[in-house]
Number of protein chains: 2
Amino acid sequence: MKIVSENACFDGLQGVYSHASNSCACDMTFGMYLPPEAKTQKVPVLWYLSGLTCTHENAMTKAGAQGWAAEHGIALVFPDTSPRGQGVADDDEYDLGQGAGFYVNATQQPWAPHFQMWDYLTSELPALLMKEFPLIEEAQGITGHSMGGHGALTMAMNLPEQYKSVSAFAPIANPSGSDWGRKQLAAYLGDNEGDWQAHDSSLLMREKGYRGHVLVDQGASDQFLKLLKPEVLSHAIAERRQPATFRMQAGYDHSYFFVASFMEDHIGFHAETLYGI
Amino acid sequence: MKIVSENACFDGLQGVYSHASNSCACDMTFGMYLPPEAKTQKVPVLWYLSGLTCTHENAMTKAGAQGWAAEHGIALVFPDTSPRGQGVADDDEYDLGQGAGFYVNATQQPWAPHFQMWDYLTSELPALLMKEFPLIEEAQGITGHSMGGHGALTMAMNLPEQYKSVSAFAPIANPSGSDWGRKQLAAYLGDNEGDWQAHDSSLLMREKGYRGHVLVDQGASDQFLKLLKPEVLSHAIAERRQPATFRMQAGYDHSYFFVASFMEDHIGFHAETLYGI
């Protein structure tokens, strides 16, 4: 693991690190915020998965998360959204390929050799982080924005023993029924829609739900509401009687100004669960 | 005035606006955050001046300021750091010309026709803002980072009736004695160092000080300490017996991670004074 940068931040440390990833068969970069408590003890960790076009950097600089993580004594991980580099397949559109990994293991060409973000994030990177940083393995939560909200919800519902808390900001909530999803799931996983099911949080909510309370915030003036389809997830939550708080926030759009506005609530929500373990 | 963008943010509004500036003889862009209180009443306003290479956007997205401004009920203005555009003079170096106006009125060629940032920020833009937004003209504070900290301190000490509170993050504290300053003041104002005096906060502090308590934060691990010269300002403050809090913050560098870490303190500091008027 190589140190790209380290900056003092809210009496803790905001680092950026890179490492050779086996899953993605390329170098990967991630951000890691350690709160002041981590100087002397192990701390819970919250994964933050980012949206289309983002790198590890966007949320790290724009989400206003570190102050609340410092206050609550939890670490934050900001992974990249896809494999990257010259040897890695890409597409001319912003919503496929590099910057748009959709948090799946690709089975189709030309994506399969590198686009293994599911394995990378649920297995390889956690193992590395637990080795390199003072984190409590049993106290992991996960959240994310847009495509990252999709990643957070699908990972938490598929691996509830690993992720003890989950929340999302404006998630792509029903990708198998949306232009933000159908094209990508077909490209990465193939045309058999049965293979998409484990990567659609509304379908997972219908089928299995989640072990704990779920928090979702969605801007009511989000310019991408027709692609995000919050109503499908909201319906599934209510139908299942899933313990959850689903908030449509008046006036908010899809930007990081929205994410930052509710970050305090989300980090507090995760801290309550993760410190209760 | 044209609306470039408006986003809901912490129950207030983060806007970006552009307008034709008379002072700078070009179009200028600025960010303006209005807290929730501004929906029903006039509010105090805090000017945030940015550093070298920045536009109106950097602090607006990375300083984590809006949440605290919302909590305290004060507006924030994020101006650009220089005139810009095809007809505007520029330099190949990052520290002169566009993105590096140094908050002065240039008297020298080729800068004079457009580089009138002092007049723009202390006169033209305030007049526009008071007309267009619900701001209390008598309750203006000013802060900034690096070159912007220089701008904030020099404007406040020269115009104490206009700026009722002042603070700075890692200001260029003694430009007339630094490579961050001598080159620029000579280029914009000419070789007569007497003309630079009104634009050096350490010299102003020695000569006249400020009407109120001054807050300065400086990272002790700042990579630019030799250019910023905090010791000259600190010495002048102590020698003058100027009411002030000057904090050397262990471990912090020059980045926005430093600025964000202490933004709560600065906005609280300004709010206390501005709401006391």
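Up top is the structure.
These notes cover the structure that comes with them. Every value quoted in this text rests on a predicted model; they were computed, and no experiment measured them. (Residues numbered from 1 in each chain as written. Chains lettered and ligands numbered in written order. Predicted model: local features only at pLDDT ≥ 70, side-chain atom pairs only at ≥ 80, totals over all residues. Heavy atoms only, no water.)

Here we take up the overall build of chain A. Each helix and strand counted, chain A has nine helices and nine strands in total. For 277 residues, the compact-globule estimate of 2.2 N^0.38 gives 19 Å, and the C-alpha radius of gyration of chain A, at 17 Å, lies within 12% of that figure. In terms of overall dimensions, chain A has C-alpha extents of about 50 × 45 × 35 Å along its principal axes. Residues classed as buried in chain A amount to 62% of the 277 residues present. For chain A, contacts bridging at least 24 residues in sequence account for 73% of all contacts bridging at least 6. As displayed, chain A offers around 10,100 Å² of accessible surface, 48% of which is attributable to carbon and sulfur atoms. (Helix = DSSP H or I, 4+ residues; strand = E, 2+ residues; numbered from the N terminus. Rg over C-alpha atoms; globule rule 2.2 N^0.38 Å. Buried < 20%, exposed > 50% of the residue type's maximum accessible area, 1.4 Å probe, protein only. Contact = heavy atoms within 4.5 Å. Areas by Shrake-Rupley, 256 points an atom, 1.4 Å probe, with all protein chains shown as cover.)

This next bit is on the sheet that holds strand 6 (residues 135-144) of chain A. In space, the nine strands of this open sheet follow the order 1-2-3-5-4-6-7-8-9 (chain A), with mixed pairing throughout. For this open sheet the edge positions go to strand 1 (2-9) and strand 9 (244-249) of chain A, each flanked by a neighbour on one side alone. Going across the sheet, the axis of each strand differs from the next one's by a mean of 20°, ignoring polarity. Where strand 3 (residues 26-34) of chain A and strand 5 (residues 75-79) of chain A come together, four bridges link them in antiparallel fashion. Residue pairing for strand 5 of chain A: Phe30 of chain A is matched across the bridge by Pro79 of chain A. Taken strand by strand, helix 9 (residues 256-274) of chain B contacts strand 1 and strand 2 (12-21) of chain A, and its axis lies near 30° from that of strand 1 of chain A. (Pairing = 2+ DSSP bridges. Axes fitted to C-alpha atoms, helices over the stretch in contact; angles between N-to-C directions.)

The next point concerns the relation of the copies chain B and chain A. The two copies are related by a screw operation: chain B maps onto chain A through 180° of rotation and 0.0 Å of translation along the axis, at an RMSD of 0.0 Å. Such a combination of rotation and displacement between the chain copies is what one expects of a two-fold axis. A high fraction, 100%, of the interface residues of chain B reappear at the interface in chain A, so the copies pair face to face through one surface. (Least-squares fit on C-alpha atoms with pLDDT ≥ 70 in both.)

All names here are of chain B. Structurally, Gln249 can be placed in strand 9 (residues 244-249). The buried category is assigned to Gln249, whose relative accessible area is 14%. A polar atom in the side chain of Gln249 sits 2.8 Å from the side chain of Asp217. Sequence-distant contacts of Gln249, that is, excluding residues within four places in its chain, are made with Asp217, Gln218, Gly219, Ala220, Phe258 and Phe262. (Polar contact = N/O pair within 3.5 Å; in protein donor to acceptor, adjacent residues only side chain to side chain.)

Residue and element names in this part refer to chain A. Scanning the entire structure with this criterion turns up 16 salt bridges over all chains. A salt bridge links Asp11 to Lys39; its shortest N-O distance comes to 3.4 Å. Here Asp11 is found in the loop between strand 1 and strand 2, whereas its partner Lys39 is found in the loop between strand 3 and strand 4 (43-49), with 28 residues between them in sequence. The partner of Arg247 in a salt bridge is Asp265, with the nearest N and O atoms 2.8 Å apart. Note that Arg247 is positioned in strand 9 and Asp265 in helix 9 (residues 256-274), a separation of 18 residues in sequence. Residue Asp265 is classed as partly exposed on the basis of its relative accessible area, which comes to 34%. (Salt bridge = Lys/Arg side-chain N within 4 Å of Asp/Glu carboxyl O.)

Residue and element names in this part refer to chain B. If you walk across this open sheet you meet the nine strands as 1-2-3-5-4-6-7-8-9, and the pairing is mixed. With partners counted over all chains shown, the strands left at the sheet margins are strand 1 (2-9) and strand 9, one partner each. The mean angle between the axes of side-by-side strands here comes to 20°, regardless of whether they run parallel or antiparallel. Relative to strand 3 (residues 26-34), strand 2 (residues 12-21) runs antiparallel, the two sharing nine bridges. Each residue of the ladder has a partner; that of Val16, found in strand 3, is Gly31. Taken strand by strand, helix 9 contacts strand 4 (43-49), strand 5 (75-79), strand 6 (135-144), strand 7 (165-169), strand 8 (214-219) and strand 9, and its axis lies near 175° from that of strand 7.

Okay, the interface of chain B and chain A next. Listed as interface residues are 20 residues of chain B and, on the opposing side, 20 residues of chain A. Summing the contributions of chain B and of chain A, the shared interface buries around 1,600 Å²; its carbon and sulfur component is 62%. Three residues, Ala8, Phe10 and Phe257 of chain B, lead the burial of chain B against chain A; their summed loss comes to 38% of the area buried on that side. The interface formed by chain B and chain A includes zero salt bridges. Counting across the interface, chain B meets chain A through eight residue pairs in polar contact (both at pLDDT 80 or more). When residues of the side of chain B that touches chain A are traced back to their parent elements, those giving at least two are strand 1, helix 1 (57-62), helix 2 (66-72) and helix 9 of chain B. Split into classes, the residues belonging to the side of chain B that touches chain A amount to nine nonpolar, seven polar and four charged. (Buried area = accessible area lost by both parts, 1.4 Å probe. Nonpolar A, V, L, I, M, F, W, Y, C, P; charged D, E, K, R; others polar.)

All names here are of chain B. Structurally, His199 is set in the loop between helix 5 (182-189) and helix 6 (201-207). When its relative accessible area of 10% is taken as the criterion, His199 is described as buried. With sequence-adjacent residues up to four places away left out, His199 is seen in contact with Tyr103, Val104, Trp118, His150, Thr154, Pro175, Leu185 and Leu189.

Moving on, we come to unusual backbone geometry. All names here are of chain A. Residue Gln109 is joined to Pro110 through a cis peptide bond whose omega torsion reads 5°. Looking at where Pro110 falls in the secondary structure, it is placed in the loop between strand 5 and helix 3 (117-132). One non-glycine residue, Asp11, lies in the positive phi region at around 65°. Accessibility expressed as a relative area gives 44% for Asp11, which makes it partly exposed.

Another point: the environment of Asn158 of chain B. Residue and element names in this part refer to chain B. When you line up the elements, Asn158 lands in helix 4 (residues 147-158). For Asn158 and Asp179, which are 21 residues apart along the polypeptide, the C-alpha to C-alpha distance reads 23 Å. Apart from the residues within four sequence positions on either side, Asn158 is in contact with Trp118, Ala198, Leu204 and Lys208. Of note is the side chain of Asn158, whose polar atom sits 2.9 Å from the backbone oxygen of Ala198.

All names here are of chain B. Taken across its 10 residues, strand 2 has eight buried, putting it largely inside the fold. Of the pairings in the sheet, the one linking strand 1 to strand 2 comprises seven bridges and is antiparallel in character. Opposite Asn7, over in strand 2, you have Gln14 as the bridge partner. If you look at the hairpin formed by strand 2 and strand 3, you'll find four residues sitting between the two strands, and Ala25 has a positive phi there, around 50°.

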